[in-house]
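# Fold and geometry: a report
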Amino acid sequence: MKTSRVSFAAALAAGAVLALSGTAFAHVSVQPGEAPKGGYATINFKVPNERDNASTTQIEVNFPVDQPLTSVMPQDIPGWTSSVEKTKLDKPLNVHGKQVNEVVTKVTWTGGKIEPGKFQQFPVSVGKLPDTADKMVFKAIQTYDNNEVVRWIEESKEGAPEPQTPAPVLKLTAAKPADGHDDAKPADAKGAGKDEAEHDEAAPKSGSDTTARALGIAGIVIGLGGVAFGIASRRRSA
């Protein structure tokens with residue numbers, strides 16, 4: 001009896017852990033979860049369907065206004081239609097020598113369907129990412145065909161449990177070093193060394209070819225001389 005109770009308790013605990021794990025991980029997220037500061041990247045908003053009796057028919061992602069992005073281009077997804085909403089800036093931004101007066105603040109996908117037990121990824125090319133922040137928080141709103149709306153807008157706080165409906169977060173990592181001219185020097189030197197090695201290897205080969213030709217010509221000359229000597233000897237005997 002005691003063994004049965006222990007087994008039942010263990011099974012109950014395992015079920016609870018699995019249930020909590022499913023709840024913790026089944027939310028709208030950004031993948032990959034990080035990107036270099038100050039650059040451009042392609043990110044995916046992964047949207048799972050958490051309902052057993054309804055399908056997701058709309059997903060709305062809001063971009064942080066205090067971290068404006070001058071370029072946001074959603075990728076075409078079969079069955080889905082994307083709309084991009086922009087807003088004008090109070091102060092224009094200078095991007096690649098051009099004045100930018102408006103930035104993207106929202107992207108909405110409609111027309112498709114994420115059925116129960118499935119998920120959908122929504123790829124977006126974004127940039128230029130902030131170079132003075134450590135993260136970007138995107139607030140997403142998920143709508144089901146039964147008119148239920150789930151707002152993934154809660155920001156996680158350090159040391160606190162994860163919110164029930166956390167907002168997707170993109171971590172910004174240190175910018176990758178640009179490929180400078182100095183970085184090319186070792187490769188050039190290596191290439192030069194390779195060329196020199198090939199030249200050195202070609203020199204003996206060329207010398208060997210010259211020697212072989214000289215010996216061949218000498219052999220022909222000696223052969224012709226032998227033939228001439230033989231003819232002369234025959235004439236004398238005659």
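Preceding this section is the structure that the text describes.
The sections below set out a description of the structure shown in this document. (Residues numbered from 1 in each chain as written. Predicted model: local features only at pLDDT ≥ 70, side-chain atom pairs only at ≥ 80, totals over all residues. Heavy atoms only, no water.)

### Observations regarding the overall build of the protein chain
What counts is decided by this rule: Going along the chain from the N terminus, every DSSP run of H or I of four or more residues is numbered as a helix, and every run of E of two or more is numbered as a strand. Note on classification: 1.4 Å probe, protein chains only; a residue is buried when its accessible area is under 20% of the maximum for its type, exposed when over 50%, partly exposed between these limits. Residue exposure ignores everything except the shown protein chains as possible cover, and the areas themselves are Shrake-Rupley values with a 1.4 Å probe.
If you tally the helices and strands in the protein chain, you get two helices and 12 strands. Helices (α) and strands (β) of the protein chain occur, in sequence order from the N terminus, as α-β-β-β-β-β-β-β-β-β-β-β-β-α. Burial statistics for the protein chain: of 238 residues in total, 26% are counted as buried. Surface exposure of the protein chain reaches about 16300 Å², of which carbon and sulfur atoms provide 55%.

### Concerning the pattern of salt bridges
Opposite charge on two side chains allows them to pair when their charged atoms are near. Stated formally: One speaks of a salt bridge when a side-chain nitrogen belonging to Lys or Arg is within 4 Å of a carboxyl oxygen belonging to Asp or Glu.
This model, assessed by the stated rule, comprises six salt bridges. With a closest N to O distance of 3.1 Å, Lys37 and Asp134 form a salt bridge. Taken together, the residues span a long stretch of sequence, with Lys37 in the loop between strand S2 (34–36) and strand S3 (41–48) and Asp134 in the loop between strand S8 (119–127) and strand S9 (135–137) at a distance of 97 residues. Between Arg51 and Glu148 there is a salt bridge; the shortest N-O distance is 2.8 Å. Taken together, the residues span a long stretch of sequence, with Arg51 in the loop between S3 and strand S4 (56–62) and Glu148 in the loop between strand S10 (139–144) and strand S11 (149–152) at a distance of 97 residues. Judged by its relative accessible area of 23%, Arg51 is partly exposed.

### Comments concerning the nonpolar core
Side chains that are nonpolar tend, in soluble globular proteins, to be buried together. To keep it simple, the criterion reads: Throughout, nonpolar core names a set of buried Ala, Val, Leu, Ile, Met, Phe, Trp, Tyr and Cys residues whose side chains join them through atoms within 4.5 Å.
Core analysis: the biggest nonpolar cluster contains 32 residues, and Phe45, Phe63, Trp109, Phe122, Leu129, Phe138 and Leu170 have the highest contact counts within it. Sorting the residues of this core by element identifies S3, S4, strand S7 (98–114), S8, S10, S11 and strand S12 (169–173) as the ones contributing at least two each.

### So, the environment of Pro166
For the record, the criterion: Whether two residues are in contact is decided by their heavy atoms: any pair within 4.5 Å suffices.
Position of Pro166 among the secondary structure elements: in the loop between S11 and S12. The exposure class of Pro166 is buried, given its relative accessible area of 4%. In this structure, the C-alpha to C-alpha distance between Pro166 and Val137, residues 29 residues apart in sequence, is 9.8 Å. Contact partners of Pro166, with chain neighbours within four places excluded, come to His27, Val28, Trp152, Ile153, Glu154 and Ser156.

### What about the sheet that holds strand S1 (residues 29–31)?
The condition is simple: Only strands that DSSP links by at least two bridges are regarded as paired with each other. Between N-to-C directions, angles span 0 to 180 degrees; the directions come from axes that are lines fitted to C-alpha atoms, helices contributing only their stretch in contact.
One open sheet accounts for four strands, arranged S1-S3-S8-S5; its pairing is antiparallel. Of all the strands in the sheet, the pair left with one neighbour each is S1 and strand S5 (71–74). Strand after strand, the sheet turns through a mean of 30° between neighbouring axes, direction not considered. Bridging between S5 and S8 involves four bridges; their strand directions are antiparallel. Looking across to S8, one finds that Met73 is bridged to Ser125.

### Here we look at the sheet that holds S9
Consider a sheet: its strands pair through backbone hydrogen bonds, and that pairing is either parallel or antiparallel. One open sheet accounts for three strands, arranged S2-S12-S9; its pairing is mixed. Whereas interior strands pair on both sides, the edge strands pair on one side only; in this sheet they are S2 and S9. In this sheet, neighbouring strand axes are inclined to one another by 25° on average, regardless of whether the strands run parallel or antiparallel. Pairing between S2 and S12: three bridges, direction parallel.

### Comments concerning unusual backbone geometry
Following Gln31, the chain continues into Pro32 via a peptide bond in cis, with omega recorded as -5°. Its location among the elements puts Pro32 in the loop between S1 and S2. Note the cis peptide between Gly127 and Lys128, where omega equals -10°. Counting through the fold element by element, Lys128 comes out in the loop between S8 and S9. Non-glycine residue Asn147 carries a positive phi angle of around 75°. On the secondary structure map, Asn147 appears in the loop between S10 and S11. Look at Asn147 and you get exposed, because its relative accessible area is 68%.

### Considerations on the packing of aromatic side chains
So the rule is basically this: When the centres of two rings from Phe, Tyr and Trp lie within 6.5 Å, Trp using its six-membered ring, the rings pair. Their planes under 30 degrees apart give stacked, over 60 give edge-to-face, and anything left gives tilted. In our convention, an over-ring charge means Lys NZ or Arg CZ found within 6 Å of a ring centre and within 35 degrees of that ring's normal.
Across all of its chains, the model carries five aromatic pairs by this definition. Centre to centre, the rings of Phe63 and Phe138 are 5.2 Å apart; their planes meet at 85°, and the pair counts as edge-to-face. Here Phe138 lies in the loop between S9 and S10 and Phe63 lies in the loop between S4 and S5, a separation of 75 residues in the sequence. Note on Phe63: relative accessible area 4%, which makes it buried. Using a relative accessible area of 1% as the deciding quantity, one classes Phe138 as buried. For the ring pair Trp80 and Phe122, a centre distance of 5.1 Å and an interplane angle of 90° mean the geometry is edge-to-face. Taken together, the residues Trp80 in the loop between S5 and strand S6 (81–95) and Phe122 in strand S8 connect sequence positions 42 residues apart. We classify Trp80 as buried; its relative accessible area is 11%. Given a relative accessible area of 0%, Phe122 falls into the buried group. Ring pairing ties together the aromatic residues Phe45, Phe63 and Phe138, which thus form one cluster. One cation-aromatic arrangement involves Lys46 over Phe119; the distance from NZ or CZ to the ring centre is 4.6 Å.

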